[in-house]
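What the coordinates show
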Amino acid sequence: MVDYLLIIISAIFVNNILLSQFLGICPFLGVSNKLSTAAGMSMAVCFVITLATVVTYLLNSVLVDLHLEFLQTISFILVIAALVQMVEIVLKKISPALYASLGIFLPLITTNCAVLGVALTVVQKPSGFAAAADGMMNLGEATVYAFATSLGFGLAMILFAGLREQLSLNEVPKSFKGVPIALVTAGILAMAFMGFSGLV
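Below or above, wherever it landed, is the structure these notes cover. (Residues numbered from 1 in each chain as written. Predicted model: local features only at pLDDT ≥ 70, side-chain atom pairs only at ≥ 80, totals over all residues. Heavy atoms only, no water.)

A look at the overall build of the protein
Assigned secondary structure in the protein consists of nine helices and zero strands. Beginning at the N terminus, the succession of helices and strands in the protein can be written as α-α-α-α-α-α-α-α-α. Taking the principal axes of its C-alpha atoms as reference, the protein extends roughly 60 × 45 × 30 Å. In the protein, which comprises 200 residues, the proportion classed as buried is 42%. (Helix = DSSP H or I, 4+ residues; strand = E, 2+ residues; numbered from the N terminus. Buried < 20%, exposed > 50% of the residue type's maximum accessible area, 1.4 Å probe, protein only.)

Below, the structure written as structure tokens:
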């Protein structure tokens, strides 16, 4: 239980996928103008990262058994694209209201490097929490890590969107309007998250 708690704290705060690993920067800068769009993107990414990590983890086990590890990246990309399409189809039929709110963001998730980054991290990165001899996370740890990472993505997105909405109400020097002040704000937010380093 302590191991899972450490994974959650580490993934959300210490090794935040956006502010420490710099994966998923495109939606971080592009879809963070409003809190509502940032929250919608965060929910969609949370679902897809968790589901994609579980599926790619199981697929990687098959690839390792067949000695086809070299197909890892391309197969993961295909699985993520297929999962996003399936999620889109299922949401359209089961919950049209949810599909209407997330529909814009779902195709963007296919090209979100954070999804592939988490899937690859889980199968390649040695885990200090893993009991396995090869250092790889087990399926439970991988699922918790993926979910916590996506929560960290959502936390960073929502904080950044709130800051950008607040900045839009203030007077900003002309040379800093738009993307420049967004980048400065993102840098300050990343430095704030550096305060969590050493926590785990």
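Moving on from the model shown.
Some remarks on helix α3 (residues 35–65)
Between its first and last C-alpha, α3 extends 45 Å over 31 residues, near the 45 Å set by a 1.5 Å rise per residue. Looking at the residues trailing α3, positive phi occurs at His67, about 60°. (Expected span 1.5 Å × (residues − 1).)

Considering helix α8 (residues 139–168)
For α8, built from 30 residues, the straight-helix expectation of 44 Å at 1.5 Å per residue is met to within 8% by its first-to-last C-alpha distance of 43 Å. The backbone nitrogen of Gly140 lies 3.1 Å from a side-chain oxygen of the residue at the head of α8, namely Asn138. (Polar contact = N/O pair within 3.5 Å; in protein donor to acceptor, adjacent residues only side chain to side chain.)

Structural notes on the environment of Leu71
Note on placement: Leu71 falls in the loop between α3 and α4 (72–94). Spatially, the C-alpha atoms of Leu71 and Val31 are 32 Å apart, while their sequence positions differ by 40 residues.

Remarks on the packing of helix α7 (residues 113–124) against α8
To describe two helices that pack against each other, one gives the angle between their axes and the distance between the axes. Interaxial distance between α7 and α8 falls to 10 Å at its minimum, and their mutual angle equals 150°. Overall, the two elements α7 and α8 adopt an arrangement that is roughly antiparallel. The two elements α7 and α8 cross, and the hand of that crossing is right-handed. Residues Val118, Thr121 and Val122 of α7 lie in contact with α8, whose contacting residues are Ala142, Tyr145, Ala146 and Thr149. Among the residues forming the contact of α7 with α8, the class breakdown is five nonpolar, two polar and no charged. (Axes fitted to C-alpha atoms, helices over the stretch in contact; angles between N-to-C directions. Parallel < 35°, antiparallel > 145°, perpendicular 65-115°, else oblique. Left-handed = near helix turned anticlockwise from the far one by under 90°. Contact = heavy atoms within 4.5 Å. Nonpolar A, V, L, I, M, F, W, Y, C, P; charged D, E, K, R; others polar.)

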